[in-house]
Amino acid sequence: MVLQDHFRPPLSVRRHWHAFHNAWATYIASDLNAKLPEGYFAEPNVQFGIEIDVAAFEESLPELENPETVIHLPIDFPNNWLPPPAQTVPFLSTANTVQVSIFNTEAGPVLAGTIELVSPANKARSTHRDAFVSKCETYLRQGIGLVIVDVVTGRKANLHNELLIRLARGSASPFEADLYATAYRPIERDGKQCLDIWQEKLAVGCALPALPLWLRGDICLAVELNNIYDRTCREHRIAVTSA
């Protein structure tokens, strides 16, 4: 299955995009739950007009002997699946914060990584774009791995580039793409904080890529967007449409 245009005819008049994205987020979470190690789980959070995301949580921090250990999942991926990042930029994480947090006595789950599916509302107005970018910036400054997937046609805002302007202060190269999927890994190397970035152009009529989702504990999961998209289309009885 190749990417279709869910926001313009003919498909937009046959299926509701928000129903499809709801299901897509659910199947992404299901796919992650089949790969995540013990103590982690993923769940979708869909609030139309605000956000569509899939979050991976850890219920207890695993004690890793080697903090640089990378776990490639699923294990049937070739050893060289993970490509080098498209760019690495200087990045200042939030080492010191002042906040008031309220927890229950059962010590609930801790956010470890998140996948954001961009909605039309995220790109509609400058205030909405700012809110989306601010949320993503907060994740990354807290050391939380992030993937952004933007398949929204008709609105040209590039939220990835707006995020880089916030984070890299001019040291990052802009990514010329209307549709894209990007992954981010906050990491410390040689005593310096930096941000690894993977970026893939998307296009209607083309297959979707696989991207790395980095979790706290240096765990890396392959987010197989095309396989999950294909499953979502099958479940919703969406056939390939001609351009």
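Scroll up to find the structure this text is about.
Residues numbered from 1 in each chain as written. Predicted model: local features only at pLDDT ≥ 70, side-chain atom pairs only at ≥ 80, totals over all residues. Heavy atoms only, no water.

## Observations concerning the environment of V149
With respect to the helices and strands, V149 occurs in strand β6 (residues 145-150). Residues V149 and A181, spaced 32 residues apart in sequence, show a C-alpha to C-alpha distance of 4.4 Å. Contact partners of V149, with chain neighbours within four places excluded, come to W24, E116, L117, V118, Y180, A181, L202 and L225. (Helix = DSSP H or I, 4+ residues; strand = E, 2+ residues; numbered from the N terminus. Contact = heavy atoms within 4.5 Å.)

## Quick notes on the pairing of β6
Along any regular strand the residues' side chains alternate between the sheet's two faces. Here β6 lies mainly inside the structure; six of its six residues are buried. Pairing of strand β5 (residues 110-117) with β6, which is carried by five bridges, proceeds in the parallel orientation. Bridging from a neighbouring strand, L117 pairs with V149 of β6. (Buried < 20%, exposed > 50% of the residue type's maximum accessible area, 1.4 Å probe, protein only. Pairing = 2+ DSSP bridges.)

## Some words on unusual backbone geometry
Most peptide bonds adopt trans geometry, and most residues besides glycine take a negative phi value. Note that the residue after P9, namely P10, is joined by a cis bond; omega there is 10°. Tracing the sequence through the fold places P10 in the segment before α1 (17-33). Not every positive phi belongs to a glycine, and R237 is a case in point at roughly 55°. Along the chain, R237 turns up in the segment after α5 (225-235).

## A closer look at helix α4 (residues 159-168)
Burial analysis of α4 places seven of its 10 residues in the buried class, the great majority of the element. The set of residues buried in α4 consists of L159, H160, N161, L163, L164, L167 and A168. If you follow the buried residues of α4, they end up packed against β4 (87-90), α2 (120-124), α3 (126-141), β6, β7 (180-189) and β8 (192-201). The N-terminus of α4 is capped by N158, whose side-chain oxygen sits 3.1 Å from the backbone nitrogen of H160. Backbone geometry just after α4 places R169 at a positive phi near 50°. (Polar contact = N/O pair within 3.5 Å; in protein donor to acceptor, adjacent residues only side chain to side chain.)

## Let's talk about the side chain of K123
Turning to its location among the elements, K123 is positioned in helix α2. A polar atom in the side chain of K123 sits 3.0 Å from the side chain of D150. With near-sequence residues (within four places) excluded, K123 lies in contact with V118, R129, D150, V152, R155, A157, L159 and D178.

## With respect to the packing of aromatic side chains
Given two aromatic rings, one states the distance between the centres and the angle between the planes to describe the pair. Enumeration over the complete set of coordinates arrives at five aromatic pairs. With 5.5 Å between their ring centres and 40° between their planes, F7 and W17 make a pair best called tilted. Residue F7 is located in the segment before α1, and its partner W17 is located in helix α1; the two are separated by 10 residues in the primary sequence. Classification of W17 as partly exposed rests on a relative accessible area of 22%. A centroid spacing of 5.4 Å and a plane angle of 65° characterise the contact between F20 and Y229, whose relative ring orientation is edge-to-face. Here the residue F20 occupies a position in helix α1, and Y229 occupies one in helix α5, the gap between them amounting to 209 residues. Like F20, the residue Y229 is buried in the burial classification. A network of ring pairs unites the aromatic residues F20, W24 and Y229 as a single cluster. Over the ring of W214 we find R185; its NZ or CZ atom is 3.8 Å from the centre of that ring. (Phe/Tyr/Trp six-rings, centres within 6.5 Å; stacked < 30°, edge-to-face > 60°. Lys NZ or Arg CZ within 6 Å of the ring centre and 35° of its normal.)

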